[in-house]
Amino acid sequence: MESQTLIIRPKKVLSWSDAVELWKYRELLYFFTWRDLKVRYKQTAIGILWAIFQPFITMVVFTFFFGQLAQIPSDGVPYPIFVYVGLLFWQFFSGALTATSGSLTNNQTIVTKIYFPRLILPITSVITQLVDFAVAALILVGMMFFYGFTPHLSGLFILPLLLLIAFMASVGLGLILSAINVKYRDVRYALPFFIQILLFVTPVIYPASILGKYSYIMALNPMTGVIQSARAALLGTTPINWLLVFISLGSTFLIMIVGIVVFKKVERYFADII
Amino acid sequence: MSTTVIEVKNIGKRYNITHMRGGYIALRDVIMGIVKKPFSFLKSKAKQIAGFEAKEDFWALRDVSFSAQTGEVIGIIGRNGAGKSTLLKILSQITPPTEGEIKIVGRVGSLLEVGTGFHPELSGRENVFLNGAILGMTKKEIVKKFDDIVAFAGIEKFLDTPVKYYSSGMYVRLAFSVAAHMEPDILIVDEVLAVGDSEFQKKCLGKMEEVTKKEGRTILFVSHNMTAIKSLCTKTIWLDGGKVKMIGDTEKVIEQYMTDNKVSASTTFAPAKEEKEMSFSKIWITDEKGQNVSQVNHNEDFDIHLEFEAREKINFAEISICLSNTLGVNVTFTSLSEAFDNTFYPFKPGRYTTTTRIRKNFLVPDTYSVRVSAHERNVRDIDLHENAIQFKVVDAGSPLSYYSQANYWASAFSNAQWKIQEDPKK
């Protein structure tokens, strides 16, 4: 084996070597994800079906109250499928935030006993959510058949990009939350409230079209661009607004950078204060 | 060919007292603090920035330097709080040093705890893979060694049982076995050999020895077990109060270490950094008349008293005392279960005091160091103090008083009965 030299110094600066290191530890990333999935579905009675139940039931309830009773517009497509597209991405995002915020404290015993790039833990949490997302997406496919929607060709190209934005936004925000949560444990209690507020400022239950001139400000919330464009691509509600997508992409990068900086800054002390 | 693989230069680690105080802070408190006393907050912030703040920190380690060559096994000894664990944590990159620099050549594997990352819901098989990956093995390596690992632990039958159903002994054996099959160039081991049954311990020590001798691996080894240190380590570092007190030949360092500490009539233990379920608070020794003493006559009984507190209900905890002499030999080991008093189990939260009578004409004149521990047998230590207190047994006319160095001849008196008779002439 080639011998590598490691130098341990007081301050670690954000550097390219972090990315290299992360790559070196990719197997651990895989094992943590595998563990989280395995444990999660071992402990629940109906296992993986949870991933379908949650968005499905929420969709039914939302359709009844918001679609039927409140008559919230849905850009001319049936409300159930309209809201399900939103919920699919939203539940991925909110689930990821909840999971990442506790990712370091839940693995406290490992963090204080062994070294590995700490970044792995929050990233694992988001990947785990991705699996749920994939399962829940099956329902969407079924619904699209049922309502007779054919996605635009452009949709198939833009969907991976949207998913990437959602993924990066989750990781970015998750990094900030997990780092703060190590120091201030009451973040955990504030988070559900924060997520609930976010749900209402994101066009999940209503179309982005009603935002009017505010829509570009709202696009700073990456999920606005993601959900709006996903609907456009899959259901053809509106033409894809590329400007919106780019604003979301830009703010996602910003969140990501802030997330990494905050995380790296606190990372060194995790083992001391956790 | 031995080359330097670890070079530690003037390492220091400073802890903020607030960090130690009790882990985390609530954001609520911080915000309330700012709202209630905005001026004092600004003042302390300003002081912090200007660097005038009355510093409430302490150095867990300071100016520690040493180096290690390939194939060397280095022991690290010292009392509780001497900085041993901090040093290992820095070496294994868990926490960064505040100052100084360390250069390490090669792959580092650290073993600060057995079974790090074991998940109770997962089966033995699954945990081997998970734990192996956490310890830095690749999937390929684990697959290759899987059979060896399982055979070493001897748990073939229970491979697919979730480890939450394992007996504690099985759990520890499996965890150890994974660790024993790591193949780093440098292995950092904390007091992990303290758990596990003695036979399995020996097996692990044997495996470690084999590995270093054959493959030229470097091992750093923290232990309270002087016998293990003696048998494994070529060189030993003695840490005291965060500094290197002595470094060099194992025999010499241990000898110094065992004689250095001053005898005292009682010791009060500092509260532990983290809240433990059970912890010792005080130890003292009294003579036949019930007076606090630091030295006793060899021909008188004396008592060792231990005060401890249980904070939660504990089903089974063994309280034990081990006495070792200046040669580092464990002369005797005795534990609470010898009282055959089951009324105290399970331990309810509360304070307890034990009294252990050591019989007269048992210990030979020497200075003894007392190790106290609260533990679950073969599973884990709950609280442990190496060298908790030292006392002297003085010679009041023992048979050994004719000899210059009593402990050289024997570690304990035998209370044997001698008879002599003249044989009748045939």
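For clarity, every value in this text was computed on a predicted model and none was experimentally measured. (Residues numbered from 1 in each chain as written. Chains lettered and ligands numbered in written order. Predicted model: local features only at pLDDT ≥ 70, side-chain atom pairs only at ≥ 80, totals over all residues.)

S.K.: I'd like to hear about the overall build of chain A, residue by residue, with values.
M.R.: When you go through chain A residue by residue, the secondary structure sums to 13 helices and one strand. Across chain A, helices and strands are ordered from the amino to the carboxyl terminus as β-α-α-α-α-α-α-α-α-α-α-α-α-α. A compact globule built from 274 residues would reach a C-alpha radius of gyration of about 19 Å, and chain A, at 20 Å, matches this within 12%. Principal axes of the C-alpha set define a box for chain A whose edges measure 60 × 45 × 40 Å. Expressed as a percentage of its 274 residues, the buried residues of chain A come to 39%. Counted over contacts in chain A with a minimum sequence separation of 6, partners at least 24 positions apart contribute 81%. (Helix = DSSP H or I, 4+ residues; strand = E, 2+ residues; numbered from the N terminus. Rg over C-alpha atoms; globule rule 2.2 N^0.38 Å. Buried ≥ 20, exposed ≤ 12 C-beta atoms within 10 Å, placed from the backbone. Contact = placed C-beta atoms within 7 Å.)

S.K.: Can you break down the interface of chain B and chain A residue by residue, with the values?
M.R.: Each partner contributes to the interface: chain B provides 42 residues, whereas chain A provides 32 residues. Put simply, the parts of the chain that give the side of chain B that touches chain A at least two residues each are α2 (27-36), α4 (84-91), β4 (99-105), β5 (108-111) and α5 (124-134) of chain B. For the side of chain B that touches chain A, the leading source of residues is β4 of chain B, giving six residues. Its residues placed into classes, the side of chain B that touches chain A shows 19 nonpolar, 12 polar and 11 charged. Bridge count between strand β1 (residues 5-8) of chain A and β4 of chain B: four bridges; the pairing is antiparallel. Each bridged residue has a counterpart across the sheet, and for T5 of chain A the counterpart in β4 of chain B is V105 of chain B. (Nonpolar A, V, L, I, M, F, W, Y, C, P; charged D, E, K, R; others polar. Pairing = 2+ DSSP bridges.)

S.K.: I'd like to hear about the nonpolar core, residue by residue, with values.
M.R.: Within the largest apolar cluster, 139 residues are counted, with the highest numbers of intra-cluster contacts made by F89 and A166 of chain A together with F221 of chain B. Of the residues forming this core, the biggest block, 15 residues, is contributed by helix α4 (residues 79-101) of chain A. Apart from residues no more than four positions distant in its own chain, F221 of chain B is found in contact with V73, I74, G75, I76, V189, L232 and C233 of chain B. Judged by nonpolar contacts, the second largest core, of 29 residues, contains F347, Y368, V372 and A388 of chain B. (Core = buried A, V, L, I, M, F, W, Y, C linked by C-beta atoms within 7 Å.)

S.K.: Quick one: what's the story with the pairing of strand β7 (residues 218-222) of chain B, residue by residue and with numbers?
M.R.: All names here are of chain B. Of all five residues that make up β7, five are buried, and the element is covered over most of its length. Side chains T218, L220 and V222 project from β7 onto one buried face, and the interleaved I219 and F221 project onto a second face that is buried too. Bridge analysis of strand β3 (residues 73-77) against β7 gives four bridges, and the strand direction is parallel. Bridge assignment links I74 to a residue of β7, and that residue is L220.

S.K.: If you had to explain the sheet that holds strand β14 (residues 318-324) of chain B to someone new, which residues and values would you point to?
M.R.: Working definition: the strands of a sheet are paired by backbone hydrogen bonds and lie parallel or antiparallel to each other. Residue and element names in this part refer to chain B. In space, the five strands of this open sheet follow the order β12-β18-β17-β14-β15, with mixed pairing throughout. The open sheet terminates on both sides in strands that have one partner only, identified here as β12 (295-297) and β15 (330-335). Between one strand axis and the next, the sheet turns by 30 degrees as a mean value, whatever way the strands run. Examined bridge by bridge, β14 and β15 share five bridges and lie antiparallel to one another. Residue S324 lies in a different strand from β15, and its bridge partner there is N330. (Axes fitted to C-alpha atoms, helices over the stretch in contact; angles between N-to-C directions.)

S.K.: Account for the sheet that holds β7 of chain B, with residues named and values stated.
M.R.: Residue and element names in this part refer to chain B. Within the open sheet, the six strands sit side by side as β5-β6-β7-β3-β8-β9. Their pairing is mixed. The sheet is open, and its two edges are formed by β5 and β9 (243-249), each paired on a single side. On average, adjacent strands in this sheet sit at an angle of 15 degrees to one another, irrespective of strand direction. Taken together, the four bridges between β5 and strand β6 (residues 186-189) define a ladder with parallel strand orientation. Its bridge partner being in β6, G109 is matched across the sheet by L187. Each of β3, β5, β6, β7 and β8 (235-240) is contacted by α4, which is oriented at about 150 degrees to β7, the strand it contacts most.

S.K.: For the packing of helix α8 (residues 153-183) of chain A against helix α9 (residues 187-200) of chain A, give the residues involved together with the corresponding values.
M.R.: In helix packing, the relevant descriptors are the interaxial angle and the interaxial distance, both defined with respect to the helix axes. All names here are of chain A. Where α8 meets α9, the axes come as close as 10 Å, and the angle between the chain directions of the two elements is 145 degrees. Facing L177, I180 and N181 of α8, the residues of α9 in contact are V187, R188 and L191. Of the residues contributing to the contact of α8 with α9, the split by class is four nonpolar, one polar and one charged.

That is the geometry; function is a separate question.
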